[in-house]
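Here is what each chain is made of, one letter per residue.
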Amino acid sequence: QVQLVESGGGLVQAGGSLRLSCAASGRTSSNYAMGWFRQAPGKEREFVSAISWIWNTDRTYYADAVKGRFTISRDNAKNTVYLQMNSLKPEDTAVYYCAASQRLYYSGSYYTELSYDYWGQGTQVTVSS
């Protein structure tokens, strides 16, 4: 079992930055990837970013909407994944969820929430115009 706790959300002005953190505990050694999803009011949950580590090789994935603005990274010693969000836009406003996957994929599959096994409680990000 893996437990995930997100933090770092808050209220920022458009153009500002936030860094989200996701601390994992439990059977973290079985994780192959962790990702971030978000859900705005009235919308479905959507993929934001993911990072996978297979045979000690890191790969990152980004939704087109955040590519070039967001950066995902991990600190393996702390079992923590980060999402650095720069140049924030009002349309980035959402609850952001961290997820962990214990499945091995080679490409593409980490874009879908169906590939993840554990989820955090979410953290609110609000970007004012």
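On a predicted model such as this, the values are computed, not experimentally measured, just so you know.

Draft legend 1. Here's a closer look at unusual backbone geometry. For Asn79, which is not glycine, the phi dihedral falls at a positive 50°. The topology assignment puts Asn79 in the loop between β7 (70-75) and β8 (80-85). Although it is not a glycine, Ser87 sits at a positive phi angle of roughly 50°. Within the element layout of this structure, Ser87 appears in the loop between β8 and β9 (94-101). Residue classification places Ser87 among the partly exposed residues on the basis of a relative accessible area of 41%.

Draft legend 2. Here's a closer look at the packing of aromatic side chains. All chains considered together, the criterion is met by nine aromatic pairs. Here Tyr61 and Tyr111 contribute two aromatic rings whose centre-to-centre distance is 5.6 Å and whose plane-to-plane angle is 80°, an arrangement assigned as edge-to-face. With Tyr61 in strand β6 (residues 57-62) and Tyr111 in the loop between β9 and β10 (118-119), the pair connects residues that are 50 residues apart, well separated along the chain. Among the aromatic side chains, those forming a connected cluster through ring pairs are Phe37, Phe47, Tyr61, Tyr105, Tyr110, Tyr111, Tyr116 and Trp119. Directly above the ring of Tyr97 sits Arg45, whose terminal nitrogen or CZ lies 5.4 Å from the centroid. When the ring centre of Trp119 is taken as reference, the NZ or CZ atom of Arg45 above it lies at 4.2 Å.

Draft legend 3. Examining the state of the cysteines more closely. If you walk through the whole model with that rule in mind, you get one disulfide. The partner cysteine of Cys22 in its disulfide is Cys98, sulfur to sulfur 2.0 Å. The disulfide joining Cys22 to Cys98 has a torsion of about -85° about its S-S bond and is therefore left-handed. Separated by 76 residues along the polypeptide, Cys22 in strand β3 (residues 18-26) and Cys98 in strand β9 bring together distant segments of the chain. Across this residue pair, the class does not change: Cys22 and Cys98 are buried.

Rules used throughout
Residues numbered from 1 in each chain as written. Predicted model: local features only at pLDDT ≥ 70, side-chain atom pairs only at ≥ 80, totals over all residues. Heavy atoms only, no water. Helix = DSSP H or I, 4+ residues; strand = E, 2+ residues; numbered from the N terminus. Buried < 20%, exposed > 50% of the residue type's maximum accessible area, 1.4 Å probe, protein only. Phe/Tyr/Trp six-rings, centres within 6.5 Å; stacked < 30°, edge-to-face > 60°. Lys NZ or Arg CZ within 6 Å of the ring centre and 35° of its normal. Disulfide = S-S within 2.5 Å.

Everything listed here is a matter of coordinates, which is why it stays silent on function.
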